[in-house]
Amino acid sequence: MGKRSFLSLILMLVFSITIQAQSKKWTLEECVKYAIQNNISIKQTELDSKTAAIDKKGAIGNFLPSLNANASHSWNIGLNQDITTGLLQNKTTQFTSAGANIGIDIYKGLQNQNTLRKANLSIVAAKYQLQKMQEDVALNVANAFLQILFNKENLKVQQEQLGINQKQYSRSEELVNAGSIPRGDLLDIKATVASNNQNVIAAENALLISKLSLAQLLQLKEFENFDIVDDTNAKDENNILAQTPAEIYDKAKENKIELKIAKTNLEIAEKNVAIAKGAFQPTLQGFYSFSSRVAYSDRVVGVQPNTSNPTSIVGYVQGTNQNVLQNNFSPVLGNALPFWDQFSNNKGQSFGAQLSVPIFNGFSARNNVERSKVSLEKSKIALEQQDLDLQRNVFTAFTDAKGALNAHESSIIALESRQEAYNYAKEKYAVGLMNSFDFNQSQTLLTNAQSEVLRTKYDYIFKIKILEFYFGIPIIKN
């Protein structure tokens, strides 16, 4: 295979892949799953779950002992006490010390236990929040998906109406030339065609904007060729309207995430009260400490007579080349103890328990308890309000779904009547028994009836989805 043939094959493959990518149409299930995996709000909520898990690790760490090591080294220059003889001399002394401390809470008013329980509840609450965010995104995606379907069908209606009017314009030209209708009617039809063109352009723009909205909701970077499948069945597949509002409400109380979040927040508030009350109780801590030290100093290690002054001696300082002039005789002191011997001889240990009883802390503990109790009352009220809101929302959703069904059925009947009226007007106009103004009115009423059928159709579908959502039926099946 030549180089040119190979390059042509590569270009054909790339073109084929591009065409396939452009021709892909997304289903509602694909849109929802993709949004759940890529939506920014969901990702932020997932980070909150990770934070809750980290807080739990901190709560577990409260039960573990604390271990700290320390070490220091210092130089003292000037008049210092000799560590061997105890005499004060001008010299440099070095000290090295090291130690370790262990502490553990034996009893802390059950604060550690309640903090761990609160951390576990926070993880549950974070999971509920994540699930709620996923459900909200799924509903938003479903609404945007249905909006695209509505705009698609509305565009078809406008295009079909434009085609009919263009044919009618051609027919009217023939009738004008034949003298069957006045020329003014032709101008009316021409104006109607121009208006239909505007309606088609507006419908195309609405469709483009709705596609863009869904693509942005999915966090798609390439959305120019984004499209969805044309699934337009308006059916109550789960027969949700056969349930009573009370039955849907009882089911929602078991499944609705908002109610679970409110209950979990109430339990967290109760743990906060218990933690705050723990500050009134005594605390008992155990401790253990180990330490040791090593000292160094410049010392006299040998003597010899000073020939210039027989009454003095010259002492050699260990580790230096400097001579120290001594006016008084001192014995040979020898070398200091080795490092590890000093470290072993100077080591020390201490252990015990410390009891702390709170007596007065400026009302800090009492204020924390009162503040926690207020938060607890707020959580109780929030739970009650959430229950009331759920009940109201379920009954409202049921009523809306019923009304949307009735509106859709009525719009279908109205469309059938408008279609018959239009056909009758078309026949009358063709034989000159109706003027163009009345004919255009009949045509406009037909177009409005078609649009109303579409509007009520997708309004009904979405409201059924909401009612199913309250009943515990997910937008998509996992």
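Residues numbered from 1 in each chain as written. Predicted model: local features only at pLDDT ≥ 70, side-chain atom pairs only at ≥ 80, totals over all residues. Heavy atoms only, no water.

### Some remarks on the overall build of the protein
Logical step 1: Within the protein, the secondary structure is distributed over 10 helices and 7 strands.
Logical step 2: Counting across all 478 residues of the protein, residues that qualify as buried make up 32%.
Logical step 3: Pairs at least 24 apart in sequence give 80% of the contacts found in the protein among residues at least 6 apart.
Logical step 4: With an accessible surface of roughly 29100 Å², the protein has 54% of that area assigned to carbon and sulfur atoms. (Helix = DSSP H or I, 4+ residues; strand = E, 2+ residues; numbered from the N terminus. Buried < 20%, exposed > 50% of the residue type's maximum accessible area, 1.4 Å probe, protein only. Contact = heavy atoms within 4.5 Å. Areas by Shrake-Rupley, 256 points an atom, 1.4 Å probe, with all protein chains shown as cover.)

### Quick word on the packing of helix α5 (residues 183-217) against helix α10 (residues 436-471)
Logical step 1: Interhelical geometry of α5 versus α10 gives an angle of 25° and a closest axis separation of 9 Å. Taken together, the axes of α5 and α10 are roughly parallel relative to one another. Considering only the axes of α5 and α10, their crossing is right-handed. Where α5 approaches α10, its residues Asp185, Asp188, Ile189 and Thr192 are matched on the opposing element by Ser436, Phe437, Phe439, Asn440 and Gln443. (Axes fitted to C-alpha atoms, helices over the stretch in contact; angles between N-to-C directions. Parallel < 35°, antiparallel > 145°, perpendicular 65-115°, else oblique. Left-handed = near helix turned anticlockwise from the far one by under 90°.)

### A word on the packing of aromatic side chains
Logical step 1: The final tally for this structure, using the stated rule, is 6 aromatic pairs.
Logical step 2: For the pair Trp26 and Tyr34, a centre-to-centre distance of 5.2 Å together with 85° between the ring planes defines the contact as edge-to-face.
Logical step 3: The buried category is assigned to Trp26, whose relative accessible area is 13%.
Logical step 4: An angle of 75° between the planes, with centres 6.4 Å apart, marks the rings of Phe150 and Tyr458 as edge-to-face. Here Phe150, found in helix α4 (residues 111-178), pairs with Tyr458, found in helix α10; they are 308 residues apart in sequence, far enough to count as distant.
Logical step 5: Using a relative accessible area of 18% as the deciding quantity, one classes Phe150 as buried.
Logical step 6: Take Tyr458: its relative accessible area is 5%, and that puts it in the buried class.
Logical step 7: An aromatic cluster of at least three residues, connected via ring pairs, comprises Trp26, Tyr34 and Phe226.
Logical step 8: Over the face of the ring belonging to Phe471 we find Lys251, whose NZ or CZ atom lies 6.0 Å from the ring centre. (Phe/Tyr/Trp six-rings, centres within 6.5 Å; stacked < 30°, edge-to-face > 60°. Lys NZ or Arg CZ within 6 Å of the ring centre and 35° of its normal.)

### So, the packing of helix α2 (residues 28-38) against α4
Logical step 1: Their axes nearest at 9 Å, the elements α2 and α4 cross at an angle of 140°. Looking at the two axes, α2 sits oblique to α4. As α2 runs across α4, the sense of the crossing is right-handed. Judged by residue contacts, Leu28, Cys31, Val32, Ala35 and Ile36 of α2 engage Gln134, Val137, Ala138, Val141, Ala142 and Phe145 from α4.
Logical step 2: In terms of residue class, the contact of α2 with α4 is built from 10 nonpolar, 1 polar and no charged. (Nonpolar A, V, L, I, M, F, W, Y, C, P; charged D, E, K, R; others polar.)

### Digging into the environment of Ala100
Logical step 1: Note that Ala100 resides in strand β2 (residues 88-107).
Logical step 2: With a relative accessible area of 24%, Ala100 lands in the partly exposed category.
Logical step 3: C-alpha of Ala100 to C-alpha of Ser291: the two residues are 191 residues apart in sequence and 6.5 Å apart in space.

### Some thoughts on the side chain of Gln158
Logical step 1: Relative to the helices and strands, Gln158 resides in helix α4.
Logical step 2: In contact with Gln158, not counting residues within four places along its chain, are Asn199, Val200, Ala203, Thr447 and Ser451.

### A short note on the nonpolar core
Logical step 1: Counting 44 residues, the largest nonpolar core has Cys31, Val141, Leu214, Leu218, Phe226 and Ile228 as the members making the most contacts within it.
Logical step 2: Looking at this core, the elements that each hand over two or more residues are α2, α4, α5, α9 (364-430) and α10.
Logical step 3: A per-element tally of this core places α4 first, with 15 residues.
Logical step 4: Those residues within four positions of Phe226 in sequence are excluded, and the remaining contacts are Trp26, Cys31, Ile148, Lys211, Leu214, Ala215, Leu218 and Leu220.
Logical step 5: Core analysis: the second largest hydrophobic core is formed by 23 residues, Ile240, Ala269, Leu376 and Phe398 among them. (Core = buried A, V, L, I, M, F, W, Y, C linked by side-chain atoms within 4.5 Å.)

### Describing the environment of Met434
Logical step 1: Tracing the backbone shows Met434 in the loop between α9 and α10.
Logical step 2: If we skip the residues at most four places from it in the chain, Met434 touches Ala425, Lys428, Tyr429 and Phe439.

### Considering helix α6 (residues 245-255)
Logical step 1: Where α6 is concerned, the buried positions are Pro245, Ile248, Tyr249 and Ala252. Buried residues of α6, seen end-on, are gathered within an arc of 100° and therefore sit on one face of the element.
Logical step 2: Those residues of α6 that are buried lie in contact with α9 and α10. (Arc of directions from axis to C-beta.)

### Notes on a nonpolar patch on the surface
Logical step 1: Among the surface-exposed residues, Leu355, Val357, Ile359, Phe360 and Phe363 lie close enough to one another that they form a single nonpolar patch of about 630 Å² accessible area.
Logical step 2: Structurally, Phe363 can be placed in the loop between β7 (348-356) and α9. (Patch = residues over 30% accessible without salt bridge, like charges linked within 9 Å, V, L, I, M, F, W, Y side chains within 5 Å. Salt bridge = Lys/Arg side-chain N within 4 Å of Asp/Glu carboxyl O.)

### Considerations on unusual backbone geometry
Logical step 1: Here the phi dihedral of Leu110 falls at roughly 60°; this positive angle occurs in a residue that is not glycine.
Logical step 2: A positive phi angle is found at Gln219, which is not glycine, with a value near 65°.
Logical step 3: Relative to the elements of secondary structure, Gln219 occurs in the loop between α5 and α6.
Logical step 4: Judged by relative accessible area, Gln219 falls into the partly exposed class, the value being 32%.

### Examining the environment of Phe469
Logical step 1: Following the sequence through the fold, Phe469 ends up in helix α10.
Logical step 2: When its relative accessible area of 12% is taken as the criterion, Phe469 is described as buried.
Logical step 3: Taking the C-alpha atoms as reference points, Phe469 and Lys256, separated by 213 residues in sequence, lie 8.7 Å from one another.

### Considerations on the pattern of salt bridges
Logical step 1: Applying the stated criterion across every chain yields a total of 11 salt bridges.
Logical step 2: In this structure, Lys33 and Glu29 form a salt bridge, with 3.0 Å as the shortest nitrogen-oxygen distance. Separated by 4 residues within a single helix, Lys33 and Glu29 lie in helix α2, roughly one turn from each other.
Logical step 3: Note on Glu29: relative accessible area 36%, which makes it partly exposed.
Logical step 4: Here Asp227 and Lys211 are joined by a salt bridge, their closest N and O atoms 3.5 Å apart. Of this pair, Asp227 sits in the loop between α5 and α6 while Lys211 sits in helix α5; the two residues are 16 residues apart in sequence, bridging distant segments of the chain.
Logical step 5: Given the relative accessible area of 17%, Lys211 is considered buried.
Logical step 6: One salt-bridge network, in which partners are shared between bridges, spans Lys152, Lys211, Asp227 and Asp230.

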